[in-house]
Structures are given as structure tokens and as C-alpha cells.
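Residues per chain are reported as follows:
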Amino acid sequence: MTNRAAAISGFGWGVIGGLALVALMYFSSGLFGLRPLPQALNGPLLSLMPGFVFGFLIDKLQHAGKVVEEIGLILAMVLALAAVGAASAVANLRWTSTWVPFAFAGAAWAIVVLILLPVAGLGWLGLNDGPTTPVTWAALFAFYAVILQYGGTGPAPVDLGRRRVLRAVPLGIAGASLAALGIGLIPGWYRAVFSAPGSGLRGISPVITPVQDFYVVSKNFADPGIDGQGWRLHLGGLVDKPQTLTLAELQSQPSIEQYVTLECISNNVGGPQISNGFFKGVSLRDLVATAAPQQAAGWVTFKARDGYTESLPLSVVQDSPEILVAYLLDDKPLPASHGFPARILIPGRYGMKGPKWLDTIELATGEAHGYWEDQGWDHNAIVKTTSRLDLPADGDIVKVGAIEVGGVAFAGKRGISKVEYSTDGGSSWSAAAFDAPLSPFTWVLWRATWTPSSHGAYTLKVRATDGSGSLQNANGTPSYPSGSSGFHTIHVNVSS
């Protein structure tokens, strides 16, 4: 057999072995707690990704962006293992040995546990995730090596009977692996793309967003799962009275209940990544005060279980009693996707400033580099004035007559003083009525009745003025680096 023929054959069997390894990797995630490599490498890859690239993915693909990223990492892993299979097959032409595939699989195992897992923050050999991690990976690569050997990258003799079996075996292994991956991953991908929070809402948004429709954005493929009984909140750094609080002890502190609108900094103009909820928690100002900050302390830093970091000036915290360590949403414990057991909630700032799955608060002399700030996002993250048309929907066909139009408007802590809409592409504007906000930190719902005089195509726009009298920015900009701007615009057709 020539080197070329061996490489092609080994590549094919490497693909088959790679699919089997990836399928078993995800299976081991549920059975043994093994962290799949695409999930482990998600954080380091995002840290290398320019902020504008992530902004583009969120702007254009929304929740599908993470699905595309995970699929891409799976394909990269399979192709890398296919290349290992090709190299093993070529090497076997020179060093004929049963152990050649195992040697190459062992080298791939070493790359994973000695390089990739430490880069992912899992420690040497991945031991931060437990002592079974390197052993489980070794078992996966041993199975991969057996497939390479069975495919002919080892020296076993080939007779006619074995040839017939070999025609069926690769299809069986590949089919079973793809089926296992599909069963394990496709339902979650489908929910992320087609059943994302808010996808079932129609018409003008409810003033309180149902918890199941509250927007979710995370840097993780798999978010932390935290046991509330074992969770501890550590409060330390430059303080005279460091503390460690259980969830029960945190909940026993004097609490604040308030309505707050949260918006993602990656939200498009008119986009769905904005929600309004009723939160309960402890004022961060009061919590920090109990720890007795030292004179040198100038910043409050936050660390989350998933490695997320953020910070705020101590002066801002002391002047803002509304900043919460929140533990309830709509009178129930925070859902896992929203940061159970506790998260930082900062009214008037984009959601990126408030870490979920909080476990450490420290006072320090300087600003901690926030996770997204390191990719170029605005470290202040103060929300821009925004407004949205919920009704009618873009592309709707409506009949001549009285038509209800409406939506939401939000300007953070500045509040809303005016909402206007246009039905002629911005040539003229009409004032719309809006409800009083539930708190100084929430959106308002606006409504108007529009009666078009004739059928035809119309371009509708909306704009808002904040409580200080500043009009919403009309210039369209993408979300990166400080939040999108522009007037939400839709097109409708009026039929007679």
C-alpha cells in the first residue's frame, strides 16, 4: 500500500473513530461528569475572539451562534482525530506493530490532558474536575485506538471474510455515533434556536416578563450547576471583617425587592434580549459595609463560579443602594440559567456587568479586568436609550382601519419622558401614550392607535426621549463595543 492510500484509509477510519470518541465523550459527561472538550475550550476561545466578532455572532445569529460554535468545535475535533488516524496508518507502513495506533492515540491523549485541559483552566491532567478525568480520557482514546487498529492501521492480516465485515463495520460505528450525538445534542440545539426565551411572546410585551421568557445570554456551552446547600459567598479582600455566608445566611439579611429591566449589551436595536422582572436580594452597599472596607479599598470585584469576573468602583456601590446581590426572581429562587443561587444585579447597566453564579466579592485597590472588557467591550456598560415596536410585527399585513401600535422603551435609571412613532419612515412623528414605569429602573410600555388612510406599504419607526430630555440616538451602530443604537424600523403592508 502506498503512503497516499494508507493516509486516505487512515483518515477515513480516523473520522469514524473520532465520531465514536466524541459520542462517548458526551455520554461520559452525563455518566461520569467529564467535561466535553468543546465546552472546556469555549472560554479560552472566546477570550481569543475579538469582541466585534462575538458581537456579530450575537447580533446576526442570536442563540444560534453558540450552536454554530459548538458544531464547529466538534467538527474540528473529529478532523483532528482523522488526521491522527492518517498519520498512524502511514507510520504503520514503516513500523509494523499492533501498538502503532495506541501510540498515536496516546500522543493525542497527552495533548488533551497536558495542554488543552490546562489551557481550559482545568489544571494539570484536568484534575480540577476530579481524579477520574485523565483516566476517562485515556479510556476514550483507547477505544479510538481500537477502531484505528480494526480499520487496518495496525498490521493484522486481511482475509476475504474480514474484508466483507470491514465494509459494514465503519458504517455501523459511524451511524451509531451520529445517532448518539443527535439524540444527546440536537434537542438542546433545537431549543436554543427555535424555542429560545421570548420566542413564544406575541404582541406588546407584558410589563413583567414571564420567567420562562426572560432573556438568557451566557458565555458557556454548559452553565454551572450549583448545590444551594453547599454554596458559600466569600466576602473579603481589603476588609477588616471578611465573611463567608451560606445561602440561608444571605437570605436572612435585610432585603430589598424591586422591579428591574435587564438588557444585554449585545441586544440589537429592537431585539429580544431585554426583559423586566421582580427581584429580591441584599443591597450590595449594605453587605460591603458589614465587612468594614479598609482605607485603601477603591473597587469592588466579583467572581463567578464559571470564571466570569467584573468590578465596580467602591464609590458607585456606596452611592447605589439599588445594586443587589439578588437571589429571587418573581418570588422564586433564581433559575439555574439566571445565576442560582445568587447574582449581581445593577440597574441602569447592561447585563454583562452583573455576574451570575456569584461566589466571591472582594475589595481591591484597582479595577479587575472584566471578562468582556478584555475583548474590548465598554467597561462602563451604561444602557443607551432604546425603544421597540412590538405591534405590528415586521412584515405584517394589516387591514385599513384603526390599528394598534405599541412596544417598550427603556433608558436605564434616566427614565423615559417621551415616546414618538412614525408611519412614514421618519418624515413626521406622533406622540404615543405610555404607562408609568413599575420602578425608576424599568422600561415603559407605550401604545397608540394608527389609522392609515389608504392601502399600501408603510415604514414604521419609534424613538424615545429619556428623563433628562436627551433624544435616542438615531445613528445606527452595532452592539460592539458599547451597545447598539438607532431607531427600530419595521415594514408593514395595509390591505383594503
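Whatever comes next refers back to the structure up there.
Residue numbering note: each chain is counted from 1, following its sequence as written. Restriction of local features to residues with pLDDT of at least 70 applies here, the model being predicted, together with a cutoff of 80 or more for giving and counting side-chain atom pairs; totals for whole chains, interfaces and linings are based on all residues. Side-chain figures throughout are based on the complete set of non-hydrogen atoms in the structure, without hydrogens or water.

S.K.: What's the story with unusual backbone geometry in this structure? I'm lost.
M.R.: Where the residue is not glycine, phi is negative for most of them; where a peptide bond is considered, it is trans in most cases. Pro341 follows Phe340 through a cis peptide bond whose omega is 10 degrees. Going from Tyr480 to Pro481, the amide bond is cis rather than trans, its omega being 10 degrees. Put simply, DSSP marks the helices as runs of H or I at least four residues long and the strands as runs of E at least two long, and each gets a number from the N terminus on. Structurally, Pro481 can be placed in the loop between β17 (456–466) and β18 (488–495). Located in the positive-phi region is Ala292, a residue other than glycine, with phi close to 60 degrees.

S.K.: Would you take a moment to explain the packing of aromatic side chains for this structure?
M.R.: Aromatic ring pairs are reported here in terms of the distance separating the ring centres and the angle at which the planes meet. Note on aromatic contacts: the rings of Phe and Tyr and the six-membered ring of Trp form a pair at centre separations within 6.5 Å, being stacked when their planes are under 30 degrees apart, edge-to-face when over 60 apart, and tilted otherwise. Within the structure shown, the criterion is met by 12 aromatic pairs. When the ring of Tyr259 is compared with that of Phe278, the centres are 4.7 Å apart and the planes differ by 40 degrees; the resulting orientation is tilted. Of this pair, Tyr259 sits in strand β3 (residues 256–263) while Phe278 sits in strand β4 (residues 274–283); the two residues are 19 residues apart in sequence, bridging distant segments of the chain. The classification of residues rests on relative accessible area computed with a 1.4 Å probe and restricted to protein chains. Under 20% of the type maximum is buried, over 50% is exposed, and intermediate values are partly exposed. Look at Tyr259 and you get partly exposed, because its relative accessible area is 27%.

S.K.: What is the right way to look at the sheet that holds β17 in this model?
M.R.: Whenever strands of a sheet pair, they do so through backbone hydrogen bonds, lying parallel or antiparallel. Taken in spatial order, the eight strands of this open sheet run β11-β13-β16-β15-β14-β17-β18-β12, and their pairing is mixed. Both outer strands of the open sheet, β11 (386–391) and β12 (397–399), are each paired with one neighbouring strand and no more. Sheet twist, expressed as the average angle between the axes of neighbouring strands with direction ignored, equals 35 degrees. One ladder, built from seven bridges, connects β17 with β18; its direction is antiparallel. Paired with Tyr458 across the bridge in β18 is Val492. In short, DSSP must find at least two bridges between two strands for them to pair. Only the contacting stretch of a helix is used when fitting its axis, a line to C-alpha atoms as for every element, and angles between N-to-C directions run 0 to 180 degrees.

S.K.: Where do I start with the environment of Ala393 in this structure?
M.R.: Take Ala393: it is sitting in the loop between β11 and β12. For the pair formed by Ala393 and Val492, sequence separation is 99 residues and the distance between their alpha carbons is 7.7 Å. A contact between two residues is defined here by any heavy atoms of the two lying within 4.5 Å. Beyond its immediate sequence surroundings of up to four residues, Ala393 is in contact with Ile490, His491 and Val492.

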